[in-house]
Amino acid sequence: MTHPYDDLQAQNVRGSHSIKWSLYPEDVIPLWVADMDYPISSAIVDALEARMTRSVGYPQMTGDPELVRAITKHMARWGFQLEKAHIWPMSGVVPGLFSAVKAFSQGGAPVLTQVPIYPPFLMAIREQNRTVLENPLLEDGYKIDFEALERSITPETRLMLFCNPHNPSGRVWKRDELERLAQFVIRHDLILVSDDLHAELDFTGDYLPIASLSAEISSRTITLIGPCKAYNTAGLGAGAAVSSNVELLERMKVAGHGFVSFPTVLSQAAWVAAYDGAQGWLEDTVAYLKGNRDFLSEFLARELPQIGYFAPEGTYLAWLDFRALLGNGAQAWLLEHAKVGLNDGAAYGEAYAGFVRLNFATSRTLLTEALERIARTVRARVRESVSAD
Ligand SMILES: Cc1ncc(COP(=O)(O)O)c(C=O)c1O
């Protein structure tokens, strides 16, 4: 069955307005930064247009009542009972990561996180002169290595940054994993920041915010949320830190004061429209993404079984281990030879130079073309190295 996203043409999305489509020359298929190539929901377009007919002066900076209503309703599906004071709206999720690190750790102190991880986690720690306490995920299925977690924790560690669903592996953590992690956080008296930006991009139905497990874990967790991954509105800029613990939020606000700004009137309007009116668009888009995920899984199993691959359970990101085929430096090699632009695994943790992250939120046609280019060039390289032996 065909889908309107199948007709998407590179020439319609390419342009200087898009970092994804302007970083590389035109002969490169860009499957890197986490934007989808799909048009946004008409509910969001209509809301943006309508919003422009009213004042675009400063909004209520602690959150427009409509936005607070929409977030409160959205989070209630996991049992959150939020009031305005429990929500800190801001211009994105990354400012939440940075202000949490500043608020909840001292200079030089360790901050725990799992690698591989979305690079701003590491930047928020390193660029503020804290140290990264790495807990590598087990490569077999990208499970949490709880034994290593217990071994590596130090008495100075007060903060853990967590990602659910996980970028870049696409894991959607199961309830038992979240329960075990929550026990760990409580036992070691940590504050947990859970970046749940990809929450709605779940192929399993298992997604659960860790803060929803109990009052005890909720009181020491900040959940970072936003519309930009699921509804493809990253260029508008919007996010929020949500917690039942108002004191933690206040500490973050103090840390972010003067640096973290409010979501604009347009991004707030888009966010409300996303929750109120874009659920049909979201369902359809997630189904298309799941189809792309399945296509990718079948393609790799058939054409390039040497690539280490975990079928993502959510997000639109796939984490590919090219070490057996290309050694380190896979991203640069694939850019030069296959003309496919991917994210370099080295940015996700020092051990991951042989990995790449592939964004499959494009048309099936472009995805197919990119994968065929990769398979063709990698197979030619393998043939050359065999005949040279
Ligand atoms: C896990 C995660 N957190 C945060 C961000 C960026 O959020 P924002 O653009 O709202 O700062 C991304 C973007 O891909 C992401 O994947």
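Residues numbered from 1 in each chain as written. Predicted model: local features only at pLDDT ≥ 70, side-chain atom pairs only at ≥ 80, totals over all residues. Heavy atoms only, no water.

**A closer look at the overall build of the protein chain**
Summing up its helical and strand segments, the protein chain has 15 helices and 13 strands in all. Against the 2.2 N^0.38 benchmark of 21 Å for 389 residues, the protein chain shows a C-alpha radius of gyration of 21 Å, consistent with a compact globule. With the C-alpha coordinates aligned to their principal axes, the bounding extent of the protein chain is approximately 65 × 55 × 35 Å. For the protein chain, the proportion of its 389 residues judged to be buried stands at 58%. (Helix = DSSP H or I, 4+ residues; strand = E, 2+ residues; numbered from the N terminus. Rg over C-alpha atoms; globule rule 2.2 N^0.38 Å. Buried < 20%, exposed > 50% of the residue type's maximum accessible area, 1.4 Å probe, protein only.)

**Thoughts on the domain arrangement of the protein chain**
Accessible area lost when the parts come together is the quantity often used to give the size of an interface. As far as domains go, the protein chain holds domain 1 (4-41 + 279-381) and domain 2 (43-276). Relative placement of domain 1 and domain 2: their C-alpha centres are 25 Å apart. For the pair domain 1 and domain 2, the summed buried area comes to about 3,000 Å², and 59% of that belongs to carbon and sulfur atoms. Counting across the interface, domain 1 meets domain 2 through four salt bridges. Note that Glu313 is salt-bridged to Arg171, the shortest N-O span being 2.8 Å. Linking domain 1 with domain 2 are 20 residue pairs in polar contact (both at pLDDT 80 or more). Secondary structure elements with two or more residues in the side of domain 1 that touches domain 2: α12 (279-303), β10 (317-321) and β13 (355-359). Take the side of domain 1 that touches domain 2: its biggest share by element is seven residues, from α12. (Domains from an automatic or database assignment. Buried area = accessible area lost by both parts, 1.4 Å probe. Salt bridge = Lys/Arg side-chain N within 4 Å of Asp/Glu carboxyl O. Polar contact = N/O pair within 3.5 Å; in protein donor to acceptor, adjacent residues only side chain to side chain.)

**Topic: the packing of α12 against helix α15 (residues 364-388)**
Orientation of α12 relative to α15, taken along the N-to-C sense of each, is 20°, at an axis distance of 11 Å. Of the possible angle classes, the one that applies to α12 and α15 is roughly parallel. In this structure, α12 meets α15 at a crossing whose hand is right-handed. In this structure, α12 uses Tyr288, Gly291, Asn292, Phe295, Leu296, Phe299 and Glu303 to contact α15, whose residues at the interface are Arg364, Leu367, Thr368, Leu371, Glu372, Ala375 and Arg379. (Axes fitted to C-alpha atoms, helices over the stretch in contact; angles between N-to-C directions. Parallel < 35°, antiparallel > 145°, perpendicular 65-115°, else oblique. Left-handed = near helix turned anticlockwise from the far one by under 90°. Contact = heavy atoms within 4.5 Å.)

**Regarding helix α6 (residues 119-126)**
With six of its eight residues buried, α6 lies for the most part within the structure. Restricting attention to buried positions, one finds in α6 the residues Pro119, Pro120, Phe121, Leu122, Ala124 and Ile125. Buried residues along α6 sit in contact with α5 (94-104), β3 (110-115), β4 (131-136), β5 (159-163) and β6 (191-195).

**So, the side chain of Gln114**
When you line up the elements, Gln114 lands in strand β3. There is a polar contact of 3.4 Å between the side chain of Gln114 and the side chain of Asn135. With near-sequence residues (within four places) excluded, Gln114 lies in contact with Asn135, Leu137, Ile144, Met160, Leu161 and Phe162.

**Thoughts on the packing of α5 against helix α10 (residues 246-256)**
One can describe the packing of α5 onto α10 by two numbers: an axis separation of 8 Å at closest approach and a directional angle of 105°. Regarding the angle of α5 to α10, the classification is roughly perpendicular. Here Gly96, Ser99, Ala100, Lys102, Ala103 and Phe104 of α5 come into contact with α10, specifically with Leu248, Arg251, Met252, Ala255 and Gly256. Split by residue class, the contact of α5 with α10 holds six nonpolar, three polar and two charged. (Nonpolar A, V, L, I, M, F, W, Y, C, P; charged D, E, K, R; others polar.)

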